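If you want the building blocks of each chain, they are given just below.
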2 protein chains.
Amino acid sequence: MMSKTSKELLEQFRSQCKARGLSITPQRTAIYEALIGSQDHPRTEDIYNRVKTAFPDMSIDTVYRTLCLFAEIGFVHLVEGYGEAKRYDPDTECHHHFRCMRCGRILDFREPRFDALDVPERFKQNCAVSNIKVVLEGVCDHCLQKTVES
Amino acid sequence: MMSKTSKELLEQFRSQCKARGLSITPQRTAIYEALIGSQDHPRTEDIYNRVKTAFPDMSIDTVYRTLCLFAEIGFVHLVEGYGEAKRYDPDTECHHHFRCMRCGRILDFREPRFDALDVPERFKQNCAVSNIKVVLEGVCDHCLQKTVES
DNA sequence: TACTATATAAGAATGATTCTTGTTCAGCAA
DNA sequence: TTGCTGAACAAGAATCATTCTTATATAGTA
Ligand SMILES: [Mn+2]
Ligand SMILES: [Mn+2]
Ligand SMILES: [Zn+2]
Ligand SMILES: [Zn+2]
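Criteria and thresholds
Residues numbered from 1 in each chain as written. Chains lettered and ligands numbered in written order. Predicted model: local features only at pLDDT ≥ 70, side-chain atom pairs only at ≥ 80, totals over all residues. Heavy atoms only, no water. Domains from an automatic or database assignment. Buried < 20%, exposed > 50% of the residue type's maximum accessible area, 1.4 Å probe, protein only. Helix = DSSP H or I, 4+ residues; strand = E, 2+ residues; numbered from the N terminus. Contact = heavy atoms within 4.5 Å. Donors = N, O, S within 2.8 Å, 3.2 Å for Na, K, Ca; no water. Near = heavy atom within 4 Å. Polar contact = N/O pair within 3.5 Å; in protein donor to acceptor, adjacent residues only side chain to side chain. Buried area = accessible area lost by both parts, 1.4 Å probe. Salt bridge = Lys/Arg side-chain N within 4 Å of Asp/Glu carboxyl O. Nonpolar A, V, L, I, M, F, W, Y, C, P; charged D, E, K, R; others polar. Pairing = 2+ DSSP bridges.

Colleague: Is there a simple way to think about the domain arrangement of chain A in this case?
Modeller: Accessible area lost upon the coming together of the parts serves often as the stated size of an interface. Domain assignment breaks chain A into domain 1 (6-78) and domain 2 (94-149). Measuring from the centre of the C-alpha atoms in domain 1 of chain A to the corresponding centre in domain 2 of chain A gives 25 Å.

Structure representation (structure tokens):
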């Protein structure tokens, strides 16, 4: 199936907001557009930088608030990390990550085999497991290249 | 095999420090002991609280510095999270985590099937993958219990 | 168009972590 | 043992990410 056009995504954004009684403000729309236009895993400040060309006096607090809201309602996901600035994932379909421990780059990958790993019995019985993710760690191709060069 | 006694672990700590030219200070020793004596995933401040009974005027900066050092040299691991305070793992053997999204509790589990999942070809070829971890997310038994009660 | 609750901007406040600086001490050599 | 020296430390300032407070603006609606 073909992925949604950005026009379709925007329409979906508007109707989801409506359904939840959230105002559709120019700021929220701009932040949403910045998100869907990115294939990476931006920090709040990255999004802030992308929108402030069009909105020179947007407060960074608005970006923090809005991304937090978007994460709550599922427009974006929060990426697992190691205590630095939060990173968001505009791709909310099930997928997994490779994380470069040297430069912080996060690469996506889809691996259906990993989407439904069989969880230990004790979690099945006592906890409510809502999702599983596999995280690969190491050094990315870019960084390996740099190592060779020097 | 039997797991190491704390005396053996301490001896290992001392020789590892020596091998790396690191001074064996009372502060480092106390922090190391606090770590190996814990079965959870403490924050820097948790460790600080545990050692300050014996060292009332230890600076919290020393705990930050020391945990960071211990993570670099592999005495502890850093736990993946979502941007709150860093959490450390004194268990450096390969294992995986369940994370409660409600209370933040992190439960360990060992699942050899997960330790050597077959990584996508493109990472094998271009990146140096140093480890794989599976993260389960959901609501823990404690929190489910609370939900039922109220 | 007017009203009201919601959202925003600006800046202060907070929490975690790191940096700076002057002091102390662990490891080592005499 | 003693003395030296670089590494480690304590204290507090500084920084970074994030959240809170408050006064103002505005989206949705009558
Ligand atoms: Mn992703
Ligand atoms: Mn663990
Ligand atoms: Zn890299
Ligand atoms: Zn819980």
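Colleague: Is there a simple way to think about helix α2 (residues 26-36) of chain A in this case?
Modeller: For α2(A), every residue scored as buried is listed here: Arg28(A), Thr29(A), Ala30(A), Ile31(A), Tyr32(A), Ala34(A) and Leu35(A). Its buried side turned inward, α2(A) meets α1 (6-19), α3 (44-51) and α4 (60-72) of chain A.

Colleague: Just checking my understanding: could you explain the coordination of the manganese ion (ligand 2) for this structure?
Modeller: When a metal carries six donors in an octahedron, the ideal angles between them are 90 or 180 degrees, while four donors in a tetrahedron ideally lie at 109.5 degrees. Residues and elements named next belong to chain B. All of the protein donors around the manganese ion (ligand 2) are His41 (NE2), Asp89 (OD), His95 (NE2), His97 (NE2) and Asp108 (OD); their distances to the metal are 2.1 to 2.2 Å. Between consecutive donor residues of the manganese ion (ligand 2), the sequence gaps follow H-x47-D-x5-H-x1-H-x10-D. Take His97: its relative accessible area is 7%, and that puts it in the buried class.

Colleague: Sorry, what's going on with the protein's contact with DNA strand C here?
Modeller: Neighbouring residues of DNA strand C: 20 residues in total, closest Thr25(A), Gln27(A), Thr62(A), Asp61(B) and Tyr64(B). Here DNA strand C approaches the protein such that, of its atoms within 4 Å, sugar and phosphate make up 74%. Here a phosphate oxygen of DNA strand C and a side-chain polar atom of Arg28(A) are 2.9 Å apart. At a separation of 3.4 Å, a phosphate oxygen of DNA strand C approaches a polar backbone atom of Asp57(A). Sorting the residues of the surface near DNA strand C by element identifies α2 and α4 of chain A together with α3 (44-51) and α4 (60-72) of chain B as the ones contributing at least two each. The element best represented in the surface near DNA strand C is α4(A), accounting for three residues.

Colleague: Honestly, the interface of chain A and chain B in this entry has me stumped. Any pointers?
Modeller: Across the contact, 38 residues belong to chain A and 38 residues belong to chain B. Each partner contributes to the roughly 3100 Å² buried at the junction of chain A and chain B, and carbon and sulfur atoms together form 62% of this total. Considering only the surface of chain A that becomes buried against chain B, Tyr82(A), Leu136(A) and Glu137(A) emerge as the three largest contributors, covering 18% of it. For the pair chain A and chain B, the interface holds two salt bridges. Linking chain A with chain B are 15 residue pairs in polar contact (both at pLDDT 80 or more). At the level of secondary structure, the elements contributing two or more residues to the side of chain A that touches chain B comprise β1 (77-79), β4 (106-109), α5 (112-115), α6 (121-126), β5 (128-139) and α7 (141-149) of chain A. The element best represented in the side of chain A that touches chain B is β5(A), accounting for twelve residues. In terms of residue class, the side of chain A that touches chain B is made up of 21 nonpolar, six polar and eleven charged. Of the pairings in the sheet, the one linking β5(A) to strand β5 (residues 128-139) of chain B comprises eleven bridges and is antiparallel in character. Counted as the bridge partner of Ile132(A) is Leu136(B) from β5(B).

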